[in-house]
Every structure is written in structure tokens, then in C-alpha cells.
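# Structure assessment
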Amino acid sequence: MSSIELTQIRKSYANGPEVLHGVDLSIAAGEFVVIVGPSGCGKSTLLRLIAGLESASSGDIMIGGTRANDLAPQDRDIAMIFQNYALYPHMTVEQNIAFGLELRRVPKRERLARAREVAEMLQLTPYLDRKPGALSGGQRQRVAMGRAMARNSSTFLMDEPLSNLDNALRVAMRTEIKELHRQLGATIVFVTHDQTEALSLADRIAVMKDGHLQQFDTPGAIYDRPANRFVAGFLGAPTMNFVPAEALEGWTGPREVELGLRPEALRLHRARPQAPAIEARLALTEMTGSEFVLHCESPLGRLTAVAPRAEGLPSPGEAIWLEYDAGAAHLFDRDSGARA
Amino acid sequence: MKPDLTSSRGMWVMNALVLAAGLMFLSPVLYSIWMSFQTADAYYAGHLDFTLSNYELAVAEYNFARYLLNSLIVSGVVTLAGIAVATMAAYAFARYRFPGGNLAFAAVVATLMIPSHITLIPNYLTLAKAGLLDSYAGLILPAISSGFAAFFLRQYIRGIPRALDEAAYMDGANAFQVLWRVIVPISKPAIFSMGLHLFISEWNNYIWPLVAIGKEDLYTLQVGLARLYRINPGEDVIDWPLVMAASTITILPVLLGFVLVERHLVRGITMGAVK
Ligand SMILES: Nc1ncnc2c1ncn2[C@@H]1O[C@H](COP(=O)(O)OP(=O)(O)OP(=O)(O)O)[C@@H](O)[C@H]1O
Ligand SMILES: [Mg+2]
């Protein structure tokens, strides 16, 4: 395991605009870091820089305490799962998984045994002799994962490694990755679009937007104290509601700010409650399993709330009141979006 | 209306057409092979006959076994060395950006426009200076660098996702291992096509061996074959059955080579590599 230290990393592709604008990220040895952010914000680029597949336009990359800017990818002891898999089409699943070991001159018996072990873990045993062309998307993705996992690298970079799996497999693989992390103690940098994945796997989450790091903190801290309006709106499902403070009836805090209220901070009432509440009209309900998501129209705009399934729900079009928990409100500067 | 290939009548028509086309292409070859088994007397008299004497004559009198060996050595080495050089050049052109790279590639492409006859005399003078005329090296060296093979393979390699190189680097490969373990196996169809192309071009090469070789025992098949037309200047008939026997000796290895290589020319091998 190695620590990874990025200082003021900037990156522009040849004849392109800058895509990373001075990213600082300090990852401890053995830490599990999840990178999230909208499509095109530079997550894959960041991983490729750490891997050594791209070179930074400026800034320092330190791996394990030594400067790695000029180190070739094969000398960094990093295993990577590519967003597009990048499987060797001419090799079988077994050969794909064992290739890294073969290059490191691990004896044949040993590397085949290891490949089988990894395949077993990823439920790929029936496909060991197939080539990637004869696999489904999810199977290919697991081969890509197996290829990275076969070697005991000090660092793993995983670019959306679970995106193509069905729900059951995804949950199973999530556990495997967590277990792998616990066993090897390796440093893992993991990119995902899936909030549950981010919140459940990460020691720390890095939120990115447009080539800037927005916040880098524990899942709890990011959820409870988002650094700005973007982070607040990006993490948490359903997304946070934003309302102008002065428009909110009964609000006693500062008025020149924007308030963020998570859906669970809004409580549904079918008649006007004692406490201050927002009057609204139910537009649409959505079942998510144990809960209902309520989409409501109000003078403050669209609001989202959640309600447990058991409650007798109003029907769409009915007038309702949403009582808000003032203590749970997040305050953001109206212009900069920064946490106030 | 499209012919109905599933009905027996459609099948029959199709088969007849294919057979006719096949015969049209094969008939000169079949005719010359047939002729090679006739004695000259029987052929000119219009009788039918069967004899191996033309082959015996070609091998015993005219040294065709030696020519065959020479052709195999020269074409074989040219093919192997030419493919090795072209593949490495193609990989470098496809994957690396280096100062003068584009210019160098343009120069490679430019060689495709130069007819080989123009390089004949410069090559001759160069090899004469190096003392390599009348040797295998003199036959082989000028043919090794094939601009066409380098160009063709570069285009093919550019079609292979770069992500595969990157995955191999992450797996711990160096540049040479990426080439040998990833690029070459995936490029197999293109490499075999180019190998076949190099082999056949060299096998059919006539002018260069003719000017570069004086010693009879270094003749290639093509030079030996041409010589059969001008033996016995006093006689006014050419021994066609003998020429056909020598031609058959010249053609068969190429056909055999094609049959061996053909199954490697399949395409679509990068399927499933990337999303
Ligand atoms: N090879 C390249 N050349 C030029 N621009 C590139 C290249 N690769 C990526 N980019 C640009 O850099 C930006 C960041 O791309 P990147 O692939 O890092 O995004 P991402 O966060 O991984 O997105 P996604 O979630 O869709 O995978 C994008 O605007 C993209 O267009
Ligand atoms: Mg990406």
C-alpha cells in the first residue's frame, strides 16, 4: 500500500482546454477513496494521471512518498480497472486474468491457481476458457476486475467497475471489494456514479465538478456538512431541496441565504400543523421500496419529501403541508454557493 | 428477385455458376499441369500420353531443384525479416509521437509511388559497392523494407484500441511485450496477409535476381524458368511440356503457402475488447 499525494494538478489534453484546474488530493496509505462527480468532470483523467497513462501539465504526483510524475505506468505497482474494460480479445478469461502474473514470471501452476481463485470469487468459473467476445457486458466487467485483483498490487484504481452489473451481483461485488480492501490493506481509488456505492464503500469521498475538487471528506461529513450547494445537491437521494430563506414562513435564521432541506427533513401533514410549514400540492408519488418519494408543487418551487409506506398517502392533486426541521437546514451563500 | 439459395433449383444454378467461374480461373493452370505430363513428341503430334520425364529433365538437366531451394530461402527470409521490420515500424508509427515522425511516415508512403525499376540501378550500384552481388544477401536485403507492409500494418494497428496497450502497461508489460503479446496476436490477420503479399511478390520477382545474380547456382525459379525460353537457339521450337513442368514446380509452393495461411486471414478479432 502506498499513499498518493496530488498537489496542484493541472491537465490539458493536446489542443484541448484544461480539464483539471489545480486538484489537491492527499490519499493515505490503505485508504479507500471514492471519486464522484458529473460525467465529464475529469474523474477518469485523474485516475489516468495517477496510473501514469497521462502526464500532468503541471503539479506533483507523489506515490508512496516519492515523486512519480516521470515514472512509467509499469513501474508504479498499480492495478487498474478501465471504464471500458480493455480486455485482451485474443486471450481467454483465464489468460486475461493471469497475464499480469505471467509478466511477473509467476510460475504457471501458481498463476493458474490464482486465476481460478479470482474467477471463483467473481463467479466467472464457467467462462474461464471463453474469449471476451463471447461474454456479456457484466461478465466482461468482472473479467476486468479479476485482472486487476489477481495481482497483489499496492494500489488499485477502479473506474466504475460495477456499472454494468445487475443489482444482486453489484451488491455481492461491493462486498468482495470491501473484503479485498480489508485483506490486502491496499490503497483504493474508486470512481462511481452510484451514491450508495460511494457512501457505503468510502473511507473518504472526493466530489468533483468541472475539473475542480469540491470537497474531500468522510461520507458522514459530506452528507451532514456539504461544503457547498453543488455537493449538497449531488449526494443524497432523492436530492436536497433548495429554497430562499426569506420566502420560508416561520424561518428565524439569517435571511440572505439559500436553505438546503433534505427530503427527510420535510414532514408530511394532511392538515395545517401547529409548527411552521410549507403549503403545497402533491404532484406525483414514486415508490422506492420501503418509502414513497413525494413530488410536490409549492409557491417555493418543486419540493421533494419522503414518507414511509405505511402512512395513508394523499392522492395527487391534494393539498398538503410540509413541516420542516429548521435544525436540519443547510445554509448556503446565495452567490457563491459556499456553505454559510 | 434474389436467387433462392434454399431451394434445390436455386442451389443448382448457383453451384453451376460457381463451378463455371472456378473453371475459368483454373483452366490455364490445369491445362499447363496437364501439358507438363506429356512428352514433347506426343504433344506436337496431338497424341495423349503420360510421363514424368519433363520433371526429371527439369530437375536433372536444368537444376530446378536448386532454383526451388534458392527461391524458398530468399522468399522465406524476405518474408520473415520484412514482416519483423514492417511490424516494428508500423507499431512505432501507430503509437508513438516523436520529432520527425510524420515526415518519416510520409517518406514511407512516398516509397509506394516509386516504381521498382527506378530503384534498380541505385540498388545495383550500392550492392556492387558492398560486394554483395551474386549472393543470397544481395537477393534478400533490398526486398526487406516494404513501405506498403509498414503502411498497411500501421493502419491496422491504429484500429486497435489504445486502451489495450494501456491495460498491458498496467499489467506490468514493457513496450516490447505490449507489441509482442498484445499488438502482434491481434494483428495476426493483417500480418499474415502482408506475409503472403511479401512472399508472393518476392517469389515472382524476376528483374532483380536477373541483374543481381550471375552464378547459375544462385538462380531463383523465375530466372531459371525464363532461361528455358532461350535455350537451344538453333531449334525453332520451344519445349512447352518442359516449360510447363518447370512452371508447375514454380506455382505449387505458392498455392500450398496460400492454403496454409488462408485460415489465419479471418477478421474481427478485437471483438469484445472495449465497451
Ligand atoms: N484523450 C482526450 N483528449 C481530449 N479531451 C479529453 C480526452 N479524454 C477526456 N477528455 C475530456 O476531458 C474531460 C474529462 O474527461 P473524463 O473522461 O476524465 O471524464 P469523467 O469524469 O471520467 O466522465 P465519465 O463519468 O463520463 O466517465 C471531458 O471534457 C473530456 O471531453
Ligand atoms: Mg470516466
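Residues numbered from 1 in each chain as written. Chains lettered and ligands numbered in written order. Predicted model: local features only at pLDDT ≥ 70, side-chain atom pairs only at ≥ 80, totals over all residues. Heavy atoms only, no water.

### As for the site of ligand 1
All names here are of chain A. The environment of ligand 1 is made up of Tyr 13, Val 19, Ser 39, Gly 40, Cys 41, Gly 42, Lys 43, Ser 44, Thr 45, Gln 83, Glu 160 and His 193. Note that an oxygen atom of ligand 1 is positioned 3.3 Å from one of the backbone N or O atoms of Cys 41. In the complex, 60% of the free accessible area of ligand 1, which totals 640 Å², lies under the protein chains. Per-element accounting of the shell around ligand 1 gives the leading share, three residues, to helix α1 (residues 43-51). Partitioned by chemical class, the residues of the shell around ligand 1 number three nonpolar, seven polar and two charged. (Near = heavy atom within 4 Å. Polar contact = N/O pair within 3.5 Å; in protein donor to acceptor, adjacent residues only side chain to side chain. Areas by Shrake-Rupley, 256 points an atom, 1.4 Å probe, with all protein chains shown as cover. Helix = DSSP H or I, 4+ residues; strand = E, 2+ residues; numbered from the N terminus. Nonpolar A, V, L, I, M, F, W, Y, C, P; charged D, E, K, R; others polar.)

### Some details on the side chain of Arg142(A)
All names here are of chain A. Relative to the helices and strands, Arg 142 is located in helix α4 (residues 137-150). There is a polar contact of 3.3 Å between the side chain of Arg 142 and the backbone oxygen of Gln 123. Those residues in contact with Arg 142 that lie beyond four places of it in its chain are Leu 122, Gln 123, Leu 124, Leu 165, Leu 169 and Met 173. (Contact = heavy atoms within 4.5 Å.)

### What about the coordination of the magnesium ion (ligand 2)?
Geometrically, a metal with four donors at the corners of a regular tetrahedron has ideal angles of 109.5 degrees, and one with six donors at the corners of a regular octahedron has ideal angles of 90 or 180 degrees. All names here are of chain A. Ser 44 (OG) and Gln 83 (OE1) make up the full set of protein donors to the magnesium ion (ligand 2), lying at 1.9 to 2.2 Å. In this pair, Ser 44 sits in helix α1 while Gln 83 sits in the loop between β6 (78-81) and α2 (93-103), placing the two residues 39 residues apart along the sequence. Given a relative accessible area of 22%, Ser 44 falls into the partly exposed group. Judged by relative accessible area, Gln 83 falls into the partly exposed class, the value being 32%. (Donors = N, O, S within 2.8 Å, 3.2 Å for Na, K, Ca; no water. Buried < 20%, exposed > 50% of the residue type's maximum accessible area, 1.4 Å probe, protein only.)

### Quick look at the sheet that holds β6(A)
All names here are of chain A. Reading across the sheet, the six strands line up as β6-β7-β8-β3-β9-β10 and stay open at both edges, with mixed pairing between neighbours. On the outer flanks of this sheet lie β6 and β10 (212-217), each paired with one strand and no other. Strand-to-strand, the axes of this sheet are offset by a mean angle of 15 degrees, without reference to chain direction. In terms of strand pairing, strand β9 (residues 204-209) meets β10 through five bridges, oriented antiparallel. Bridge pairing in β10 links Met 208 to Leu 213. (Pairing = 2+ DSSP bridges. Axes fitted to C-alpha atoms, helices over the stretch in contact; angles between N-to-C directions.)

### Examining the packing of helix α11 (residues 188-203) of chain B against helix α14 (residues 240-262) of chain B
Residue and element names in this part refer to chain B. Close contact between α11 and α14 brings their axes to 11 Å; oriented N to C, the two are set at 175 degrees. In this view, α11 runs roughly antiparallel relative to α14, as classed from their interaxial angle. Here Phe 192, Leu 196, Ile 200 and Trp 203 of α11 come into contact with α14, specifically with Thr 250, Pro 253, Val 254, Phe 258 and Val 261. Looking at the contact of α11 with α14 residue by residue, the class counts come to eight nonpolar, one polar and no charged. (Parallel < 35°, antiparallel > 145°, perpendicular 65-115°, else oblique.)

### Structural notes on the confidence of the model for chain B
Low pLDDT marks stretches whose predicted atomic positions should not be read closely. All names here are of chain B. Residues at a pLDDT of 70 or more form 93% of chain B, whose mean pLDDT is 88. By mean pLDDT, helix α2 (residues 40-45) is the weakest element of chain B at 80, and helix α10 (residues 175-186) is the strongest at 96. Both scores are available for the predicted complex, with the pTM at 0.85 and the ipTM at 0.87. (pLDDT = per-residue confidence, 0-100.)

### Describing a nonpolar patch on the surface
All names here are of chain B. Together, Ile 121, Tyr 124, Leu 125, Tyr 206, Ile 207, Leu 210 and Val 211 make up an exposed nonpolar region whose accessible area comes to about 590 Å². Sorting the residues of the nonpolar patch by element identifies α6 (116-129) and α12 (207-212) as the ones contributing at least two each. Tracing the sequence through the fold places Tyr 206 in the loop between α11 and α12. According to the relative accessible area criterion, Tyr 206 is partly exposed, its value standing at 32%. (Patch = residues over 30% accessible without salt bridge, like charges linked within 9 Å, V, L, I, M, F, W, Y side chains within 5 Å. Salt bridge = Lys/Arg side-chain N within 4 Å of Asp/Glu carboxyl O.)

### Details of the environment of Phe199(B)
Residue and element names in this part refer to chain B. With respect to the helices and strands, Phe 199 occurs in helix α11. Accessibility expressed as a relative area gives 17% for Phe 199, which makes it buried. Residues Phe 199 and Pro 122, spaced 77 residues apart in sequence, show a C-alpha to C-alpha distance of 23 Å. Once residues within four sequence positions are removed from consideration, Phe 199 is found in contact with Ser 75, Gly 76 and Thr 79.

### A few points about the interface of chain A and chain B
Residue-level contacts link 29 residues of chain A with 23 residues of chain B. Between chain A and chain B, the buried area comes to about 2,300 Å², and carbon and sulfur atoms account for 59% of it. For Glu102(A), the salt bridge is made with Arg181(B), and the minimal N-O distance between the two is 3.0 Å. Counting across the chain A and chain B interface gives eight residue pairs in polar contact (both at pLDDT 80 or more). Elements supplying a minimum of two residues to the side of chain A that touches chain B: α1, β6, α2 and α4 of chain A. (Buried area = accessible area lost by both parts, 1.4 Å probe.)

### What about the pattern of salt bridges?
Residue and element names in this part refer to chain A. Applying the stated criterion to the full structure yields 22 salt bridges over all chains. Residue Asp 194 is joined to Arg 170 by a salt bridge in which the shortest nitrogen-to-oxygen separation is 3.3 Å. Note that Asp 194 is positioned in the loop between β8 (187-191) and α6 (195-201) and Arg 170 in helix α5 (residues 167-184), a separation of 24 residues in sequence. Each member of the pair, Asp 194 as well as Arg 170, carries the same accessibility label: buried. Its salt-bridge partner being Glu 323, residue Arg 267 comes within 3.9 Å of it at the nearest N-O pair.

### Notes on the pairing of β6(A)
All names here are of chain A. Judged by which residues are buried, β6 turns out to be covered on both faces: Ile 78 and Met 80 on one side and Ala 79 and Ile 81 on the other are all buried. Note: β6 against strand β7 (residues 155-159), four bridges, orientation parallel. Each bridged residue has a counterpart across the sheet, and for Ile 78 the counterpart in β7 is Thr 155.

### A short note on the nonpolar core
Within the largest apolar cluster, 65 residues are counted, with the highest numbers of intra-cluster contacts made by Leu6(A), Leu25(A), Ile35(A), Leu46(A), Met80(A) and Leu157(A). Leu87(A), Leu101(A), Val143(A) and Leu169(A) belong to the second largest nonpolar core, which has 45 residues in total. (Core = buried A, V, L, I, M, F, W, Y, C linked by side-chain atoms within 4.5 Å.)

### Regarding the layout of surface pockets
Residue and element names in this part refer to chain B. Counted as a void, the largest pocket has a volume near 940 Å³. Forming the walls of the largest pocket are 30 residues, and the residues nearest its centre are Ser 116, Thr 119, Pro 142, Ala 143 and Ser 145. Elements with a contribution of two residues or more to the lining of the largest pocket: α4 (64-95), α5 (101-111), α6, α7 (136-144), α8 (147-158), α11 and α12. Broken down by element, the residue count for the lining of the largest pocket peaks at five residues, all from α6. Taken together, the residues of the lining of the largest pocket break down into 18 nonpolar, 11 polar and one charged. Here the second largest pocket defines a volume of roughly 810 Å³. In terms of lining residues, the second largest pocket is bounded by 26 residues, among which Ala 94, Arg 95, Tyr 96, Arg 97 and Arg 162 are the most central. Among the elements of the structure, α4, α5, α8 and α9 (162-170) are those that each provide at least two residues to the lining of the second largest pocket. The leading source of residues in the lining of the second largest pocket is α4, at five residues. In the lining of the second largest pocket, the residues fall into 10 nonpolar, six polar and 10 charged. (1 Å grid on protein atoms, 1.4 Å probe; cavity = no way out; pocket = protein on both sides within 12 Å on 5 of 7 lines; lining within 4 Å. Points joined across faces, edges and corners; volume = space filled by probe spheres on them.)

### Structural notes on the sheet that holds strand β2 (residues 18-27) of chain A
All names here are of chain A. Strands sit in the order β2-β1-β4-β5 across an open sheet of four strands; the sheet is antiparallel. Each edge of the open sheet carries a strand with a single partner, namely β2 and β5 (66-67). Sheet analysis places strand β1 (residues 4-12) next to strand β4 (residues 58-63), joined by five bridges and oriented antiparallel. When the sheet's bridge partners are listed, Glu 5 is paired in β4 with Met 62.

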